Amino acid sequence: MTPRKKSSVSVYEFDSYREYLRAYYNERKQNDPTFSYRAFAKRAGNIAPNYLKLVIDGKRNLTPAMAEKFSKGLKLNPDETEFLRNLISMNHAKTDKQRNLFYQKLRADRMYKRYRRVESHQYDYYSAWYNVALRELVSLPSFKEDETWIANRLDPPISPRQVKQAFQKMLELGILDRDAEGHLTQSAPIITTGNEVRSLMVKNLHREMMARAAESMERQPPEHRHITGMSVAISHRQAEEIKRRIIQFGKEILDLVQEDDPPEEVYRMNIQWFMLTSPHGAGGKS
């Protein structure tokens, strides 16, 4: 019997192990109609015949011990197996601190860098608050492509080296471009990462910006900032309605900044709407 070729689906292409397993199964089924969940279970060391399907459907989680058996069924080499373990750990992490830790382990893999180089740079972009600020600064009529001037234009200021590295990264990602005269201009990139990493990127950015908001109370005079808050006791229906209005307000702000007034400064607006009570007590656990 001719040995089966290794699947063309690579674990390095995914940030969700369930999506990887789904793609693997579909590819195997397409190439070999006789392949089944039962056949995989046998290759994986006689696990439950429907275990792969339960994991793909989100009805079971992979444990470290079961991950070893799955690796055998998937015919993964030691490096791929370690990547799968870290992927599982990231997917099941309870906090973003843990998710970031395991994502850094994924990024350290040389094959990840080969398959997901752009995604890795996108993660860096959203992990530093000043990248977003620099992108907006480019649109100011007063903008000068002078690293020292730019570094001191931000509040708090950053180093010229950080400015240089940030622009290099944004040009590589297509977040910035150069016009016919060589001037930096904004472009409209599309973030194409999977949900797991994209969500982590966005939350990292929110944390960075909330830290800048806290600093602004010390660094900036009241006329340059507005920070307010309120605590209210309301119904679940009212909470959802307020959330809807906050979303609508954000859209109105975006419409406003599209008007013809020439930009003069770069601002950031954070809006937080969150619970101060737990529905069931003890952190929300019933």
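An account of the accompanying structure is given in this report. None of these values were measured; they are calculated from a predicted model.

**Considerations on the overall build of the protein chain**
- Each helix and strand counted, the protein chain has 13 helices and 2 strands in total.
- Taking the principal axes of its C-alpha atoms as reference, the protein chain extends roughly 75 × 55 × 30 Å.
- Put simply, the protein chain has 286 residues, and 33% of those count as buried.
- When contacts within the protein chain are restricted to residue pairs at least 6 apart in sequence, long-range pairs at least 24 apart make up 58% of them.
- Counting only carbon and sulfur atoms, one obtains 52% of the accessible surface of the protein chain, whose full area is about 18700 Å².
- Averaging the positions of the 47 positive and the 37 negative side-chain charges in the protein chain gives two centres separated by 14 Å.

**As for the pattern of salt bridges**
- Scanning the model with the defined rule gives 17 salt bridges in all.
- Here E68 and R85 are joined by a salt bridge, their closest N and O atoms 2.4 Å apart. With E68 in helix α4 (residues 64-74) and R85 in helix α5 (residues 78-92), the pair connects residues that are 17 residues apart, well separated along the chain.
- Residue classification places E68 among the partly exposed positions, given a relative accessible area of 37%.
- Residue classification places R85 among the partly exposed positions, given a relative accessible area of 31%.

**Regarding the nonpolar core**
- L21, F70, L134 and F167 are the most contacted members of the largest nonpolar core, which totals 64 residues.
- With near-sequence residues (within four places) excluded, L21 lies in contact with L52, V55, I56, L62, F70 and L74.

**Here's the deal with helix α9 (residues 129-137)**
- Among the 9 residues of α9, 8 are classified as buried, and the element is accordingly described as predominantly covered.
- Among all positions in α9, only W129, Y130, N131, V132, A133, L134, R135 and L137 are buried.

**Concerning a nonpolar patch on the surface**
- Taken together, the side chains of M230, V232, I234 and W273 define a hydrophobic patch exposed on the protein surface, amounting to about 410 Å² of accessible area.
- Summarising the element assignment, W273 is placed in the segment after α13 (236-257).

**Details of the packing of aromatic side chains**
- For the structure shown, the criterion picks out 16 aromatic pairs.
- With centroids separated by 5.7 Å and ring planes inclined at 50°, the aromatic side chains of Y25 and F35 adopt a geometry described as tilted. Of the two residues, Y25 is situated in helix α1 (residues 17-31) and F35 in the loop between α1 and α2 (37-43); the sequence distance between them amounts to 10 residues.
- Residues Y125 and Y126 carry aromatic rings whose centres are separated by 4.8 Å and whose planes lie at 90° to one another, so their mutual orientation is edge-to-face. Y126 carries the same exposure label as Y125, and that label is buried.
- Through a chain of ring-to-ring contacts, three or more aromatic side chains come together here, namely Y24, Y25, F35, Y37, F40, Y51 and F70.
- The side chain of R28 reaches across the aromatic face of F35, ending 4.4 Å from its centre.

**Thoughts on the environment of F274**
- Structurally, F274 can be placed in the segment after α13.
- A sequence separation of 149 residues divides F274 from Y125, and the C-alpha atoms of the two residues are 26 Å apart.

**Points about helix α12 (residues 195-219)**
- Relative to the 36 Å expected for 25 residues at 1.5 Å per residue, α12 spans 36 Å between its end C-alpha atoms, a close match to the ideal helical length.
- Every buried residue of α12 is listed here: V197, L200, M201, N204, L205, M209, R212 and S216.
- For α12, the elements touching its buried residues are α5, α6 (96-107), α8 (117-127) and α9.

**Focus on the environment of K75**
- Topologically, K75 is positioned in the loop between α4 and α5.
- On the accessibility criterion, K75 (41% relative accessible area) is partly exposed.
- Between the C-alpha atom of K75 and that of T34, which follows or precedes it by 41 residues, the distance is 18 Å.

**Some words on the side chain of T81**
- Mapped onto the elements of the fold, T81 is located in helix α5.
- Accessibility expressed as a relative area gives 8% for T81, which makes it buried.
- Residue contacts for T81: discarding those within four places in its chain leaves E68, S71 and L76.

**A short note on the packing of α8 against α9**
- Where α8 contacts α9, the two axes come as close as 4 Å, and the packing angle between them is 85°. The orientation of α8 relative to α9 falls into the category roughly perpendicular. The segment α8 lies against α9, with D124, Y125 and S127 engaging W129, N131, V132 and R135.
- Looking at side-chain class alone, the contact of α8 with α9 contains 3 nonpolar, 2 polar and 2 charged residues.

Criteria and thresholds
- Residues numbered from 1 in each chain as written.
- Predicted model: local features only at pLDDT ≥ 70, side-chain atom pairs only at ≥ 80, totals over all residues.
- Heavy atoms only, no water.
- Helix = DSSP H or I, 4+ residues; strand = E, 2+ residues; numbered from the N terminus.
- Buried < 20%, exposed > 50% of the residue type's maximum accessible area, 1.4 Å probe, protein only.
- Contact = heavy atoms within 4.5 Å.
- Areas by Shrake-Rupley, 256 points an atom, 1.4 Å probe, with all protein chains shown as cover.
- Lys, Arg positive; Asp, Glu negative; His and termini not counted.
- Charge placed at Lys NZ, Arg CZ, Asp CG, Glu CD.
- Salt bridge = Lys/Arg side-chain N within 4 Å of Asp/Glu carboxyl O.
- Core = buried A, V, L, I, M, F, W, Y, C linked by side-chain atoms within 4.5 Å.
- Patch = residues over 30% accessible without salt bridge, like charges linked within 9 Å, V, L, I, M, F, W, Y side chains within 5 Å.
- Phe/Tyr/Trp six-rings, centres within 6.5 Å; stacked < 30°, edge-to-face > 60°.
- Lys NZ or Arg CZ within 6 Å of the ring centre and 35° of its normal.
- Expected span 1.5 Å × (residues − 1).
- Axes fitted to C-alpha atoms, helices over the stretch in contact; angles between N-to-C directions.
- Parallel < 35°, antiparallel > 145°, perpendicular 65-115°, else oblique.
- Nonpolar A, V, L, I, M, F, W, Y, C, P; charged D, E, K, R; others polar.

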